Amino acid sequence: MIRLLTVLHRPPWFRSGLVRSCSGLPPDRTAARIRNTFLNFFRDRGHLLVPSAPVRPRGDPSLLFVNAGMNQFKPILLGTVDPRSPMASYRRVANSQKCVRAGGKHNDLDDVGRDVYHHTFFEMMGSWSFGDYFKEEACQMAWSLLTEHYGLPVDRLYVSYFGGDAAFGLPPDDETRQIWLEIGVQANRILPFGLKENFWEMGDSGPCGPCTEIHYDHVGGRDGAALVNNDTPDLVEIWNLVFMQYNRELDGSLRPLPQCSVDTGMGLERLVRILQNKTSNYDTDLFTPLLDHIHQVSCVDIYGGRKGSSDQEKVDMAYRVVADHIRTLSVCIADGIHPGMSGAELVLRRILRRALRFCVEVLQAPQGSLAGLVPTVTHILPAFFQIMDVINENEAQFLSSLQQGSRLIHRTLNRMENKHGLFPASVAWSLHRDLGFPLDLVDLVLEERGVRVDREELDRLISENHKSQSGPQSQLSLDILSLSELQRLGVPHTNDSLKYQYSLDRDRYVFPACCAVILALYDGHSLRSEVSEGQRCAVILDRTCFYAEQGGQSHDQGYFTRNGSKDVVYPVDAVEQVGGYVVHHVTTSECLKTGDQVELHLDQVSLSVSQLQQVESCVMDVISANQRVYSEELPLLSAKTISGLRTVDEVYPDPVRVVSVGIPVSELLNDQTDKQTSYSMFSLCGISRIVAVTGRDARELGQAVAQDVDSLSARLAGSTPSSLVSAHCLAKEVGILSDAVDNTPIPQWQRRDLQNQLKVLQRTTNTTVRKLEVREVRLTEALLQKHGKKDILVDSVDTDSLSVVMKTVNQLSTAAPNAVVMLLAHQVHSGKVLCACQVPKGSASSSLLASDWAVAVCQHLGGGAGGNAVVAQGTGSSDNIIEVLRWAEQFAVQKIQR
């Protein structure tokens, strides 16, 4: 999808991090002040404050959403960070990260609304050390912030640590326990736990290590040690400190990391609940303005905080669902994730529809109410989001599906013999698959009627769907240990400057030849000096012309050939940039070794037709808007302060050229514009080149060529050629039109579309030609039956193609190898006669040469012929084909008898 970047401007009342509190809370206890206290604390201790990453993950296909503060720092933890990027220099970092946990491994969606502390969107305040401080300083800072700056009472706090695991050979983290004792935590409040609770892992493989957690007791005045990690809502974990010191290998073993790191995370919503002395997250100033707004637009009582059996009508559950989900929708849509049909977009669609269902059916709010909550979200969260139109459009679509789905559920329930039995899984799955009805909504509707879905059968249907849509996952990304080994071996970073050295020749990109040397091979487990045939492996070269996936662009496609085996192709499945190395994912057709010299070949294809149409449509919209274009060269740091600027994890030059459409760069820089709906396309620019055909001529030429193609298509669809001559003429006409389409200056999307149409026509005409030829060649069987085992076979066939006559002669000669064969084809309308013959080589009929025979017959017909002793062909004219056949046979008889 090609999109123009949109600058979303903050309203004039907004100032960074400060939102006026309407809750009557002390100023130092508002959520905004609590957030700022955290950030300022770590800034004062040498931490670089970095912005929150968007909730759409960058370059991480394993995630649907950013679900933890560490996601944006994974390149550092994995050792894959580009050494030229600012991130490579990070040592101490802190931020407040927007997180979404809905779908995937971490999924809180189904729990939201049922209790008072689960959320799909939340803020994770975090601090990190990358090879700087470790356990002692991390624990000291955490304890100081909580007890001295936030003022939490020490007798409400408990600490957990990793107690070891004998089965994995992991000792207890006694170092951390000792640190807490030295800080002053009582021994009976320092509790050991196992792998599940206090050993953090990024995934099935990768960096991992023990963690220590700080827990808070909302009740106090008791010994709550037994309630820690016991899913008790009154005693909760508030801060997790992870000490990454191992790497989990694919075989499950652990190896020490070359550099230890610290990753801490504390949920803002939980901390605000504690500091504002509330029993529910929804009672804090992060949610109360939303709940008040929801009450204003609904037809139900004010929010009462009820849950479970006390919330019989699920009204308070609906309040919580809508308040939570509108925050998630606002953040996701602002970060470029719109409700859709796959991946994160599908999850967001489910969230939207879940919110709409509660909004309409339970809260009885009118259509448009959900989107109307967006301005309230902007007062609470430190950003301004333009998302109301997206929500309203999706609301209208879903309400129709909701009504249709509800009717289907009711009809199914009425047909069920046992009104309290299992609801058919096939119907539930159909609702989800065909109407976009979230499965949890099906459960809720049925739960209200005392019915449940056949879960076992539904799980089977879901599993089958997943199997049909999923493929094997690549395990070829270099891990941190392999990257460290490459650096130890002195393997240089890949020179990929050739990816920009191309030219344009007649609407096609032309890349120069690129020869490279294999510096390293990786099989998914370790570096190898050799990879055998049929394996998938990662190949690192000294240089490459392939573009790696980055900056929102997909990777180039193509293949390798190896010097000395140019006919053996090594397909390149993917290309990624990891820690300064360009890694080519390759399937080996033959053995590959380090030191092998290879030649790189790019598939030089353009965009798809629909993508080209989108590009042209976007360009035409921009041209039609006729807005002024501004540009200014700025220092990189200054440019990055522009509100709404979206960059990617790449290295930019300093200074950079900022290009803005519609708004002067100076206004963007100084945030002077107060337009809430002002759009500007701008970017940090390098060198770019666009080649285009403009003006009326381009469109008129395109229309003329398209009419010719449509005319030919209509003729082919109207009737099938009855003769080979007409079929060959049509095939030739397709070829001429193809040349015209290739060389006429027309819109590129139209060229591609017409080329595709002509390919179909070419296949159609070629198929017609082959069918006509095959039909006529089948004459062979009839002729053999007619003449039996005669030594001289002379006859006529009905065709207008000399090639068919020759092919038929060849087949007759093969079937009757001792016979001499001549076939004539009489064109009745013109009198023309086509002639072809074949004589067995070295047979008793050697006195008859094919060339003599064809020449004699064709001269008798006033024409000519040519060939050799075995085969010959020619043409002539006659009104009496019977007389010609008799003359040709008599000539052969006389020659053979001599």
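From a predicted model like this one, the values you see are computed outputs, not experimental measurements. (Residues numbered from 1 in each chain as written. Predicted model: local features only at pLDDT ≥ 70, side-chain atom pairs only at ≥ 80, totals over all residues. Heavy atoms only, no water.)

Focus: the overall build of the protein chain
Step number 1: Across its full length, the protein chain holds 26 helices and 30 strands.
Step number 2: Sorting the 898 residues of the protein chain into buried and exposed places 48% on the buried side.
Step number 3: Put simply, 70% of the contacts in the protein chain that link residues at least 6 apart link residues at least 24 apart. (Helix = DSSP H or I, 4+ residues; strand = E, 2+ residues; numbered from the N terminus. Buried < 20%, exposed > 50% of the residue type's maximum accessible area, 1.4 Å probe, protein only. Contact = heavy atoms within 4.5 Å.)

Some thoughts on the confidence of the model for the protein chain
Step number 1: For the protein chain, per-residue confidence averages 82 on the pLDDT scale, and 86% of positions sit at 70 or higher.
Step number 2: Note on residues 1-22: pLDDT under 50 across the span, and 48 contacts to partners over four residues away in sequence or across chains.
Step number 3: Below pLDDT 50 for its whole length, residues 674-685 participates in 47 contacts with residues either more than four positions away or in separate chains. (pLDDT = per-residue confidence, 0-100.)

Notes on the nonpolar core
Step number 1: Judged by nonpolar contacts, the single largest core of 112 residues is most densely connected at Tyr150, Trp239, Leu370 and Phe423.
Step number 2: It is helix H8 (residues 315-334) that contributes the most residues to this core, 12 residues altogether.
Step number 3: Once residues lying within four places of it in the same chain are set aside, the contact partners of Leu370 are Val322, Ile326, Leu329, Leu352, Ala355, Leu356, Cys359 and Ile391.
Step number 4: The next biggest cluster of nonpolar side chains, apart from the first, holds 24 residues, and it includes Val794, Val820, Ala850 and Ala892. (Core = buried A, V, L, I, M, F, W, Y, C linked by side-chain atoms within 4.5 Å.)

Points about the side chain of Ser160
Step number 1: Among the structural elements, Ser160 can be located in strand S4 (residues 157-162).
Step number 2: Polar side-chain contacts of Ser160 include one of 3.2 Å to the side chain of Asn198.
Step number 3: When neighbours within four sequence positions are excluded, Ser160 is seen to be in contact with Leu191, Phe193, Asn198, Cys211, Thr212, Glu213, His215 and Asn229. (Polar contact = N/O pair within 3.5 Å; in protein donor to acceptor, adjacent residues only side chain to side chain.)

Things to note about the pattern of salt bridges
Step number 1: Counted under the stated rule, the structure contains 23 salt bridges.
Step number 2: In this structure, the salt-bridge partner of Asp496 is Lys499, at a minimum N-O distance of 3.1 Å.
Step number 3: On the accessibility criterion, Lys499 (9% relative accessible area) is buried.
Step number 4: Note that Asp573 and Arg536 form a salt bridge whose closest N and O atoms lie 3.5 Å from each other. In this pair, Asp573 sits in strand S19 (residues 565-578) while Arg536 sits in strand S17 (residues 536-541), placing the two residues 37 residues apart along the sequence.
Step number 5: One network of salt bridges, with partners in common, ties together Arg92, Asp132 and Glu137. (Salt bridge = Lys/Arg side-chain N within 4 Å of Asp/Glu carboxyl O.)

Thoughts on the packing of helix H1 (residues 31-43) against helix H3 (residues 135-149)
Step number 1: Relative orientation of the contacting elements H1 and H3 amounts to 135 degrees, with a least axis distance of 11 Å. Relative to H3, the element H1 lies oblique. In this structure, H1 crosses over H3, and the sense of that crossing is right-handed. In this structure, H1 uses Thr37, Phe38, Phe41 and Phe42 to contact H3, whose residues at the interface are Met141, Ser144, Leu145 and His149.
Step number 2: Among the residues forming the contact of H1 with H3, the class breakdown is five nonpolar, three polar and no charged. (Axes fitted to C-alpha atoms, helices over the stretch in contact; angles between N-to-C directions. Parallel < 35°, antiparallel > 145°, perpendicular 65-115°, else oblique. Left-handed = near helix turned anticlockwise from the far one by under 90°. Nonpolar A, V, L, I, M, F, W, Y, C, P; charged D, E, K, R; others polar.)

A short note on the sheet that holds strand S27 (residues 820-826)
Step number 1: With mixed pairing, five strands are arranged side by side in an open sheet as S26-S27-S28-S30-S29. The open sheet terminates on both sides in strands that have one partner only, identified here as strand S26 (792-796) and strand S29 (864-867). Pairwise comparison of adjacent strand axes, ignoring direction, gives a mean angle of 10 degrees for this sheet.
Step number 2: Note that S29 and strand S30 (residues 871-877) share four bridges and pair antiparallel. Within the sheet, the bridge partner assigned to Ala865 lies in S30 and is Gly874.
Step number 3: In this fold helix H26 (residues 881-897) packs onto S26, S27 and strand S28 (832-838), with an angle of close to 165 degrees to the strand it touches most, S26. (Pairing = 2+ DSSP bridges.)

Remarks on the packing of helix H7 (residues 288-297) against H8
Step number 1: It is at 10 Å that the axes of H7 and H8 come closest, and there the two elements cross at 115 degrees. Of the two elements, H7 crosses H8, and the hand of that crossing is right-handed. For the pair H7 and H8, the contacting residues are Leu290, Leu291, Ile294 and His295 in the first and Tyr319, Val322, Ala323, Ile326 and Arg327 in the second.
Step number 2: Classifying every residue of the contact of H7 with H8 gives seven nonpolar, one polar and one charged.

Overview of the packing of aromatic side chains
Step number 1: A full pass over the atoms with the stated rule returns 15 aromatic pairs.
Step number 2: Ring centres of Phe42 and Trp239 lie 6.3 Å apart, and the angle between their planes is 80 degrees; this geometry places the pair in the edge-to-face category. You can see Phe42 sitting in helix H1 and its partner Trp239 sitting in strand S8 (residues 235-248), a full 197 residues away along the chain.
Step number 3: Look at Phe546 and Phe560: their rings are 6.3 Å apart centre to centre, the planes differ by 80 degrees, and that puts the pair in the edge-to-face class. With Phe546 in the loop between S17 and strand S18 (558-562) and Phe560 in strand S18, this pair connects stretches of sequence that are 14 residues apart.
Step number 4: Members of the aromatic cluster, joined through ring pairs, are Phe38, Phe41, Phe42 and Trp239.
Step number 5: If you follow Arg45 out to its NZ or CZ, it ends over the ring of Phe41, 3.7 Å from the centre.
Step number 6: The side chain of Arg189 reaches across the aromatic face of Tyr158, ending 4.4 Å from its centre. (Phe/Tyr/Trp six-rings, centres within 6.5 Å; stacked < 30°, edge-to-face > 60°. Lys NZ or Arg CZ within 6 Å of the ring centre and 35° of its normal.)

Focus: the environment of Leu783
Step number 1: Assignment of secondary structure puts Leu783 in helix H23 (residues 779-787).
Step number 2: Given the relative accessible area of 8%, Leu783 is considered buried.
Step number 3: Beyond its immediate sequence surroundings of up to four residues, Leu783 is in contact with Asp795, Val797, Thr808, Leu812 and Leu823.

Thoughts on H7
Owing to its 3.6 residues per turn, the α-helix aligns residues three or four sequence positions apart on the same side.
Step number 1: Within the sequence span of H7, burial applies to Leu290, Leu291, His293 and Ile294. Seen along its axis, H7 keeps its buried residues to an arc of 160 degrees; they face one direction.
Step number 2: Where H7 is buried, its residues meet H8, helix H10 (369-372) and helix H11 (374-380). (Arc of directions from axis to C-beta.)

Here's the deal with a nonpolar patch on the surface
Step number 1: Together, Val619, Met620 and Ile623 give the surface a local cluster of nonpolar side chains, amounting to about 260 Å² of exposed area.
Step number 2: Within the secondary structure layout, Val619 lies in helix H17 (residues 609-625). (Patch = residues over 30% accessible without salt bridge, like charges linked within 9 Å, V, L, I, M, F, W, Y side chains within 5 Å. Areas by Shrake-Rupley, 256 points an atom, 1.4 Å probe, with all protein chains shown as cover.)

Digging into the environment of Asp173
Step number 1: Inspection of the secondary structure puts Asp173 in the loop between S4 and helix H4 (174-183).
Step number 2: On the accessibility criterion, Asp173 (6% relative accessible area) is buried.
Step number 3: Sequence-wise, Asp173 and Cys211 are 38 residues apart; in three dimensions their C-alpha atoms are separated by 8.8 Å.

With respect to the pairing of strand S5 (residues 190-193)
Step number 1: Here four bridges tie S4 to S5, and the two strands are oriented parallel to one another. Note that in S5 the partner of Val159 across the bridge is Ile190.
Step number 2: Once the chain exits S4 it traverses H4 before rejoining the sheet at S5, and the crossover so formed is right-handed. (Right-handed = clockwise from strand over helix to strand, strands pointing away.)

Re the environment of Asn394
Step number 1: Looking at the element boundaries, Asn394 is found in helix H12 (residues 388-415).
Step number 2: Separated by 42 residues in the primary sequence, Asn394 and Leu352 have C-alpha atoms spaced 7.9 Å apart.

Examining the state of the cysteines
Step number 1: A complete count under the given rule lists zero disulfides for this structure.
Step number 2: With no disulfide partner, Cys537 has as its closest neighbouring cysteine sulfur the one in Cys591, 9.8 Å distant.
Step number 3: In this structure Cys858 is not part of a disulfide, and its nearest cysteine sulfur, from Cys835, lies 4.2 Å away.
Step number 4: Cys858 gets classed as buried once you look at its relative accessible area, which sits at 0%. (Disulfide = S-S within 2.5 Å.)

Examining the pairing of S4
Step number 1: Counting buried residues along S4, six of its six residues qualify, which places the element largely inside the surrounding structure.
Step number 2: Neither face of S4 is open: one carries Leu157, Val159 and Tyr161, the other Tyr158, Ser160 and Phe162, and all of them are buried.
Step number 3: Note: S4 against strand S7 (residues 206-217), four bridges, orientation antiparallel. Looking across to S7, one finds that Ser160 is bridged to Glu213.

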